Amino acid sequence: MSFSIQAGCPTVRKCESAADMADAVGEIYSSEAEDAILVWNLVPVRLAYGYDLAALLDDLVPLLEEIQRPEFSETEVFWGSDTFSAEWRIVREGDSLRIQARWHSTLGNYESLLAERGDSVVSTQVFVSEWAKVLQRIVTDIEAASVELDDDDIFLRAKALVAV
């Protein structure tokens, strides 16, 4: 099946400082900004930059770091936004990842359709590179806006992920 992400090019608002990367993302992208689109087994799911992606970052960056480790075998992640809520169990199968999802809510109410489409199997490299497109967009926009972060840990880790 398929897994891909269209990062888009959301409009950026001015933001001088923020507590951390998630707060910066919530500030620089308005609710009217272009969304990223996650495609799960041919079903498009909208991810609002200023809301969904801001809520996912603190779990996404460690997840991408973890699945690239040679000893990685499986993990679970809970995406906890109101408009992108799901539990993913990710299991390594050779050079690929099998993602078993329980969908709770999505923008557009596609939970039943997503569940019908079943697991997504994607190479680890493709999974990381698809999410890296979103992280690259965010890192670039935060740097271009010269946002000062009180806690830059997740930002620096995201920046390292996209530099690879």
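Structural data are supplied above this passage.
Residues numbered from 1 in each chain as written. Predicted model: local features only at pLDDT ≥ 70, side-chain atom pairs only at ≥ 80, totals over all residues. Heavy atoms only, no water.

## So, the overall build of the protein chain
What the protein chain contains, in helices and strands, is 5 helices and 9 strands. Its helices and strands in sequence order give the protein chain the pattern β-β-α-β-β-α-β-β-β-α-β-α-β-α, from N to C terminus. The buried share among the 164 residues of the protein chain stands at 46%. For the protein chain, long-range pairs separated by at least 24 residues make up 61% of all intrachain contacts whose partners lie at least 6 apart in sequence. Surface exposure of the protein chain reaches about 8,000 Å², of which carbon and sulfur atoms provide 47%. If you average the places of the 13 positive and of the 30 negative side-chain charges in the protein chain, the two averages end up 5 Å apart. (Helix = DSSP H or I, 4+ residues; strand = E, 2+ residues; numbered from the N terminus. Buried < 20%, exposed > 50% of the residue type's maximum accessible area, 1.4 Å probe, protein only. Contact = heavy atoms within 4.5 Å. Areas by Shrake-Rupley, 256 points an atom, 1.4 Å probe, with all protein chains shown as cover. Lys, Arg positive; Asp, Glu negative; His and termini not counted. Charge placed at Lys NZ, Arg CZ, Asp CG, Glu CD.)

## Here we look at the sheet that holds strand β6 (residues 84–93)
Pairing between the strands of a sheet comes from backbone hydrogen bonds, and it takes one of two forms, parallel or antiparallel. The strand order across the open sheet built from 4 strands is β5-β6-β7-β8, with neighbouring strands paired in antiparallel fashion. Single-partner strands in this sheet number two, and they are β5 (74–81) and β8 (120–123). Here the strands of the sheet are splayed against their neighbours by 25° on average, with no regard to which way each runs. Judged from the 4 bridges that link them, strand β7 (residues 96–106) and β8 form a sheet pairing that is antiparallel. Counted as the bridge partner of R98 is V121 from β8. Those strands touched by helix α2 (residues 49–67) are β5, β6 and β7, and its axis lies near 170° from that of β5. Taken strand by strand, helix α4 (residues 124–144) contacts β6, β7 and β8, and its axis lies near 90° from that of β8. (Pairing = 2+ DSSP bridges. Axes fitted to C-alpha atoms, helices over the stretch in contact; angles between N-to-C directions.)

## Observations concerning the sheet that holds strand β4 (residues 43–47)
The strand order β1-β3-β4 describes an open sheet built from 3 strands, whose pairing is antiparallel. Two strands lie at the open edges of the sheet, namely β1 (3–6) and β4, each paired on one side alone. Taking the axes of each pair of neighbouring strands and ignoring which way they run, one obtains an average angle of 20° across the sheet. In terms of strand pairing, β1 meets strand β3 (residues 36–40) through 4 bridges, oriented antiparallel. Considered in β3, the bridge of F3 is made with W40. Docked against the sheet, α2 engages β3 and β4, running at close to 90° with respect to β4. Sitting on the sheet, α4 touches β1, β3 and β4, and the angle it makes with β1 is about 15°.

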